[in-house]
Every structure is written in C-alpha cells, then in structure tokens.
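Survey of secondary and tertiary structure
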Amino acid sequence: MKESNNELADVIRKFLPFFNSENKLPAYKLRALDAIMKCRTEYMGGHIEICEDCGVENTLYNSCRNRHCPQCGAIDKEKWIINREYDLLPVRYFHLVFTVPASLNKLFMNNQRQMYNLLFTVSWKVLSDFGKTEKWIGGKIGATAILHTWGQQLNYHPHIHFIVPGGALMRDGNWKHARNRGKYLFSVKQLSSVFRARFAEQLRFLKKEGIIEGDIPKDLFDKKWVVYAKRPFGGPKQVINYLGRYTHRTAISNDRILEVNEKDVSFGWKDYGDNYAQKTTTMSGEKFLGLFVRHISQPGFTRIRHYGFLSSAAKKKSLMLIRKSLGVKPAPAQKDKKWQEIALERMGIKPGICKCCGGKMKTIKTLPNMFRMSNRAPPIKIKTNKQWTINQ
C-alpha cells in the first residue's frame, strides 16, 4: 500500500490502532477513516494506462470519494458550482454565520443529528422572519446554508454559514432590494438576540419531549451568541468563488499537516484574532485523531441546504419571476459534463494525456476495487469496554 509522508492518511495509519483500543468509535467513523487511509491506493482499485506515442506506463488508483477525505471532492465541488451558477442573480449577496456557545458542545456531540437539524431550522426561521418583516424587506428571501463543525485548530465549533441574496420576492412577483439597495441586510444585534431566545425555547421543547439526551446548561442567556455578518460580496463571480471554498471543505487539508512522526502531529492554522497570522500547533497523534473524528458526520446527513426561493420546490418559478422583475435573462443551462471535461475546463488538468509527450493514454488493464467488496463490514475490530465521550 502507498505510504504517504505528511498526510491525514499517514496520521490514521500510525495512530488509529492504539486510539481505537482506548476509544470505541462507531462503525461509520471507522469506515470513513478506513476509506481516507486507503484513498488512491491499490486497495481502491484503478487502472494501468500506456502512452500510444512514447510508451510510458502509469498506474492510477481510484479515490475513496468520502466527503471527509482531504484528497477527494474537487470534481464534486466544481459540479456543484456549475449548478449554482445558473441560480445566481445580479444583486448583492451577504454572508452570515450563526454560532452557539461552547457550553452546548456536549449536547451537540451526544445528539448530533437532532442538534444540527435544530441549528439549521432555527437559524433559517430567524432569517426568514426578518426578511418577511416590513421594516427590513417584507418578502420571501432565499439562502444557501452550509454546516461546519470545526475551527482552525480542529476544535469542535458547530456553526452555519448562510449565503443570502440581498433582497426578497414580494407577493406581487416583483423583486425588492434590501434596505439601501444592499449595503446591509439585517441588524446583527437583533438577529443574535432573537436567535438565542428561539434556540433556547426549541431546545427545552426537545428535552421535554425526550428527543435529545443530556442536561441543558443553565447559563444559556449569560453566554454570548454570535451572529457574524461579513461585508457583502462584490458580485456574482465572487459569490461563486467564495461558495466553492466553503461547500466541500473538510476539517483539515493535507497541506496544513506539516509533520507526522512516531508520536506527534504538527499542523498549521490561521489565527483570526491575531490579524490572520499563520501559526503551528504540535500535539500527540492520538489527540489529533480524536479532534478530527469529531467532525465525521453520520451517513446521509445533509450539510448543504437551500431555503426560501432557492429551495428545490420553489426555485424554478421564483427565479423566473425575479429575473423578469430585474429585467435579466437566465444564464444558459449547463449540459451534464463528464468529469474529464470539468477537470480540463475548471482545474487545468488533462486526463488521458501523457505528461511526457502529450500523446494519448490508453487503458490496458483494470484493477479490482477491494474496498468496495469489503465495505459492508466495519474495517477494524478491536474489543474495548470504553465508550466515546465528549472529553475524548
């Protein structure tokens, strides 16, 4: 199997056996780690190709395509961006971030699906209600929401990014710009206050109904609930580029992992509180792995969602009305493209072309995918009596 140097796969390979003997991880997290460790190795299968001109031979292995893998997702990200380009409007866009206090981390960790859904639901409802208020706009707004659970140092930090067009679709089918034609959207202070009150109310309801397990902190209203609003984007092109950085991002990229030795892992991070200074943190490999696995979400959980007039149910008709009101034509519909076309047009990669002479590469042998054959069973079986907790 391929040995990497300073990559996440190398961290998993070195430290998972001991880590899992001390902490019993769920099967879905073990499968994700196993996929990342074996990504682009012979275990994933692949093919052997040869140049028809110069005769050079290459062996290429398949990607694992796990959404938590830092080596995967580039093509999926570009496909997603292509689909979103058709939805863009010639208006100002805003970036808002809804966060919760760290005292709720334990509840989030132990009730991930329920708490993440609650965070999505409450934050969107607050934004939607502000949009419906005459003081602000008085109509139906739209948004794309993206859940992240990590900070720069891999700390557990659940928060949702919203990308919101600066205006609303009114009842008469016309578009209305946000106040002052998009210089700002809503009052961040008011958003924070309403968000905190509604989230706490719904949290108590879920606890009362037995939907979530664990104690609710008593000091929720003593903590600072931050709704962060970044300045509006310059235009549709900037929106697309920005979205691309957020949608398919993983908790840590391989280029941030600086060194992996027999005991420790060193990685780089950006300190937003220190003028975005680049810093380095070194910790034990087991601790690093423990931080990373917190961000492996359950299979089937949707962490990118569309709301309001951008929801799948309303988007087609709503965008038609908005564009008519704004006097603009829709972007040309994109035909479905093969991944080779996307790699060439969007990433400058030429699949199927010899890097030595520019000749055409021909597949001469297909290698079997052993991971797919064995994926039904958990990859690692280690007996342990210890349970996974928030403190690990």
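Residues numbered from 1 in each chain as written. Predicted model: local features only at pLDDT ≥ 70, side-chain atom pairs only at ≥ 80, totals over all residues. Heavy atoms only, no water.

**Quick look at the overall build of the chain**
Within the chain, the secondary structure is distributed over 12 helices and 13 strands. Taken along the three principal axes of its C-alpha coordinates, the chain extends 65 × 55 × 40 Å. Per-residue burial for the chain yields a buried fraction of 47% across its 392 residues. With the model as given, the accessible surface of the chain reaches about 21000 Å², and the carbon-plus-sulfur share is 50%. (Helix = DSSP H or I, 4+ residues; strand = E, 2+ residues; numbered from the N terminus. Buried < 20%, exposed > 50% of the residue type's maximum accessible area, 1.4 Å probe, protein only. Areas by Shrake-Rupley, 256 points an atom, 1.4 Å probe, with all protein chains shown as cover.)

**Thoughts on the side chain of Glu49**
Among the secondary structure elements, Glu49 is positioned in strand β1 (residues 46-51). Lys355 is the oppositely charged side chain nearest to the buried, salt-bridge-free Glu49, at an N-O distance of 8.1 Å. Reaching out from Glu49, the side chain makes a polar contact with the side chain of His47 at a distance of 3.5 Å. Glu49 has contacts with Val56, Glu57, Asn58, Leu60, Met361, Lys362, Thr363 and Ile364, leaving out every residue within four places of it along the chain. (Lys, Arg positive; Asp, Glu negative; His and termini not counted. Salt bridge = Lys/Arg side-chain N within 4 Å of Asp/Glu carboxyl O. Polar contact = N/O pair within 3.5 Å; in protein donor to acceptor, adjacent residues only side chain to side chain. Contact = heavy atoms within 4.5 Å.)

**Digging into the sheet that holds β1**
Taken in spatial order, the three strands make up an open sheet running β2-β1-β13, and their pairing is antiparallel. Since the sheet does not close on itself, it has two edges, and those belong to β2 (57-61) and β13 (361-367), each with one partner. When the angles between neighbouring strand axes are averaged without regard to direction, this sheet yields 25 degrees. Where β1 lies against β13, six bridges are found, and the strand directions are antiparallel. In the sheet register, Ile50 faces β13, and the bridge partner there is Lys362. (Pairing = 2+ DSSP bridges. Axes fitted to C-alpha atoms, helices over the stretch in contact; angles between N-to-C directions.)

**So, the sheet that holds strand β11 (residues 277-284)**
If you walk across this open sheet you meet the three strands as β9-β10-β11, and the pairing is antiparallel. Edge positions in the sheet fall to β9 (257-260) and β11, since each has one partner strand and no second. Going across the sheet, the axis of each strand differs from the next one's by a mean of 20 degrees, ignoring polarity. Bridge analysis of strand β10 (residues 264-271) against β11 gives eight bridges, and the strand direction is antiparallel. Its bridge partner being in β11, Ser266 is matched across the sheet by Thr282.

**Looking at helix α8 (residues 236-247)**
Taking 1.5 Å per residue as the helical rise, α8 with its 12 residues ought to reach 16 Å, and the 16 Å between its terminal C-alpha atoms agrees with that figure. Along α8, the residues classified as buried are Val239, Ile240, Tyr242, Leu243, Gly244, Tyr246 and Thr247. Elements in contact with the buried residues of α8: α3 (74-85), β3 (93-99), β4 (142-150), β5 (156-165), β8 (227-230) and β12 (304-308). (Expected span 1.5 Å × (residues − 1).)

**Some remarks on the pairing of β4**
Here is the key point about a regular strand: its side chains alternate between the two faces of the sheet. Among the nine residues in β4, nine count as buried, and that is most of the element. Where β4 lies against β12, five bridges are found, and the strand directions are antiparallel. Paired with Gly142 across the two strands is Gly308, which belongs to β12. The hairpin formed by β4 and β5 contains five residues between the paired strands, and Leu154 there has a positive phi angle of roughly 70 degrees.

**Remarks on unusual backbone geometry**
Backbone geometry at Arg40 places phi at a positive 60 degrees, although glycine is not the residue there. Structurally, Arg40 can be placed in the loop between α2 (27-38) and β1. Residue classification places Arg40 among the partly exposed residues on the basis of a relative accessible area of 33%.

**What about the packing of aromatic side chains?**
For the structure on display, the rule yields 17 aromatic pairs. Taking the centre distance of 5.5 Å and the plane angle of 75 degrees together, the rings of Phe98 and Phe162 count as edge-to-face. Separated by 64 residues along the polypeptide, Phe98 in strand β3 and Phe162 in strand β5 bring together distant segments of the chain. Considered together, Phe98 and Phe162 belong to a single accessibility category, that of buried residues. Taken together, the ring pairs in this structure connect Phe98, Phe108, Tyr116, Phe120, Trp124, Phe162, Phe195, Phe199, Trp225, Phe301 and Tyr307 into an aromatic cluster. When the ring centre of Tyr43 is taken as origin, the NZ or CZ atom of Lys38, which lies over that ring, is 3.8 Å away. Directly above the ring of Trp80 sits Arg84, whose terminal nitrogen or CZ lies 5.0 Å from the centroid. (Phe/Tyr/Trp six-rings, centres within 6.5 Å; stacked < 30°, edge-to-face > 60°. Lys NZ or Arg CZ within 6 Å of the ring centre and 35° of its normal.)

**Re the state of the cysteines**
Scanning the entire structure with this criterion turns up zero disulfides. Here Cys51 is not cross-linked by a disulfide; its sulfur's nearest cysteine counterpart is in Cys357, at 3.5 Å. Residue classification places Cys51 among the buried residues on the basis of a relative accessible area of 4%. According to the relative accessible area criterion, Cys357 is partly exposed, its value standing at 41%. (Disulfide = S-S within 2.5 Å.)

**Looking at the confidence of the model for the chain**
On average, residues of the chain score 87 in pLDDT, and 91% of them reach the 70 mark or higher. Summarising per-element confidence for the chain, the mean pLDDT is lowest in helix α6 (residues 179-182) (66) and highest in helix α5 (residues 112-132) (97). Contacts from residues 376-392, a stretch scored under 50 in pLDDT, to residues over four places away or in other chains number 36 contacts. (pLDDT = per-residue confidence, 0-100.)

**Things to note about the pairing of β10**
Burial within β10 is extensive, with six of its eight residues counted as buried. Taken together, the three bridges between β9 and β10 define a ladder with antiparallel strand orientation. Within the sheet, the bridge partner assigned to Val260 lies in β10 and is Val265. Joining the antiparallel neighbours β9 and β10 is a turn of three residues. The antiparallel pairing of β10 with β11 creates a hairpin that spans five residues between the two strands, and Asn275 there sits at a positive phi of about 55 degrees.

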